[in-house]
Amino acid sequence: MGHGANRRSQRSAASKIDWATIGSSLGLRGQTAASLSAFKKRNDDARRRVNQLSNMPQTVDFQHFRNTLKNTTVIDEIEQHFKQFKPATYDVNRQLKAIDAFEAQAVKSAEETKGRVDAELRDLDKTLENIETARPFEDLTVVCAGVFRLGCTMHRR
C-alpha cells in the first residue's frame, strides 16, 4: 500500500475520532493534552481551508474581462501567461517524516501516560481493598487502639 492509500485510510480513521471526549476518556493532561488540542486546531484549520479552496472556481473567464476592460491586450497577455503556467511540484517526504515523528512522539507520550495511569489505578485498587477489608471502627478494641498508637509512636522516631 503506497503513501496515498495509507493517508486516505488515516484520514478516514481520523474523521471517526470523537475529539470532544478523547482527552478526558484517555485521561490526557499537560503536554500531551496541549499537543492533541494544537493538532486538532491545525487539522480543523487545514480542512476548512481545503474546503474553501475546493469550492472556488477553477477557471478564469477571460472573455468577461475583455468585455469589461478597454485594454484587451493586457488580458491577452495575462491569458497567455496563465496558459503557460505550470504548477510547481514539491517533495513532501520531509513533511511526511516530520508528521510521522510527531505521531511517534504522541504515541510514546500516550503510552507513558497510560502506564502511569495503570500504575496509579493498581495502587488505588490496593488502597480500596485495604479499606474494604479493614475492621469497622466500632469493632476496634482498646488493645487495637494501643497497638495502633504504639505503631504511630514508633514511626515518629
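Residues numbered from 1 in each chain as written. Predicted model: local features only at pLDDT ≥ 70, side-chain atom pairs only at ≥ 80, totals over all residues. Heavy atoms only, no water.

1. Re the overall build of the protein chain
1) Next: Check the secondary structure of the protein chain and you find seven helices and zero strands.
2) Next: The order of helices and strands in the protein chain, counted from the N terminus, is α-α-α-α-α-α-α.
3) Next: Across the 157 residues that make up the protein chain, the buried fraction comes to 8%.
4) Next: Counting only contacts in the protein chain whose residues sit at least 6 apart along the sequence, the fraction spanning at least 24 positions is 40%.
5) Next: Working note: accessible area of the protein chain is about 13,900 Å², and carbon and sulfur atoms make up 59% of it. (Helix = DSSP H or I, 4+ residues; strand = E, 2+ residues; numbered from the N terminus. Buried < 20%, exposed > 50% of the residue type's maximum accessible area, 1.4 Å probe, protein only. Contact = heavy atoms within 4.5 Å. Areas by Shrake-Rupley, 256 points an atom, 1.4 Å probe, with all protein chains shown as cover.)

2. As for the pattern of salt bridges
1) Next: Per the counting criterion, the structure on display carries seven salt bridges.
2) Next: A salt bridge links E79 to K83, with the shortest nitrogen-to-oxygen separation between them at 3.5 Å. Of this pair, E79 and K83 are both found in helix α5 (residues 72-84), four residues apart, which corresponds to roughly one turn of the helix.
3) Next: Residue K83 is classed as exposed on the basis of its relative accessible area, which comes to 60%.
4) Next: K114 is paired through a salt bridge with D118; the nearest N and O atoms lie 2.7 Å apart. (Salt bridge = Lys/Arg side-chain N within 4 Å of Asp/Glu carboxyl O.)

3. Here we look at the packing of aromatic side chains
1) Next: What the rule picks out here adds up to two aromatic pairs.
2) Next: Ring centres of F62 and F82 lie 5.5 Å apart, and the angle between their planes is 65°; this geometry places the pair in the edge-to-face category. Of this pair, F62 sits in helix α4 (residues 62-68) while F82 is found in helix α5, placing the two residues 20 residues apart along the sequence.
3) Next: Judged by its relative accessible area of 10%, F62 is buried.
4) Next: The exposure class assigned to F82 is partly exposed, which follows from its relative accessible area of 43%.
5) Next: Just above the ring of F102 sits the side chain of R42; from NZ or CZ to the centre is 5.7 Å. (Phe/Tyr/Trp six-rings, centres within 6.5 Å; stacked < 30°, edge-to-face > 60°. Lys NZ or Arg CZ within 6 Å of the ring centre and 35° of its normal.)

4. Describing the environment of H64
1) Next: Tracing the sequence through the fold places H64 in helix α4.
2) Next: In this structure H64 comes out as partly exposed when scored by relative accessible area, which is 42%.

5. Details of the confidence of the model for the protein chain
1) Next: With 78% of its residues at a pLDDT of 70 or more, the protein chain shows a mean pLDDT of 79.
2) Next: Mean pLDDT in the protein chain bottoms out at helix α7 (residues 142-156), which sits at 54, and peaks at α5, which reaches 91. (pLDDT = per-residue confidence, 0-100.)

6. A closer look at the packing of helix α2 (residues 19-26) against helix α3 (residues 30-55)
1) Next: Packing of α2 against α3 leaves a shortest axis separation of 11 Å and a crossing angle of 165°. Comparing the axis directions of α2 and α3 gives the class roughly antiparallel. The way α2 lies across α3 gives a crossing that is right-handed. On the side of α2, the interface is formed by W19, I22 and G23, while α3 contributes L36, F39, K40 and N43.
2) Next: When the residues that make up the contact of α2 with α3 are grouped by side-chain class, the tally is four nonpolar, two polar and one charged. (Axes fitted to C-alpha atoms, helices over the stretch in contact; angles between N-to-C directions. Parallel < 35°, antiparallel > 145°, perpendicular 65-115°, else oblique. Left-handed = near helix turned anticlockwise from the far one by under 90°. Nonpolar A, V, L, I, M, F, W, Y, C, P; charged D, E, K, R; others polar.)

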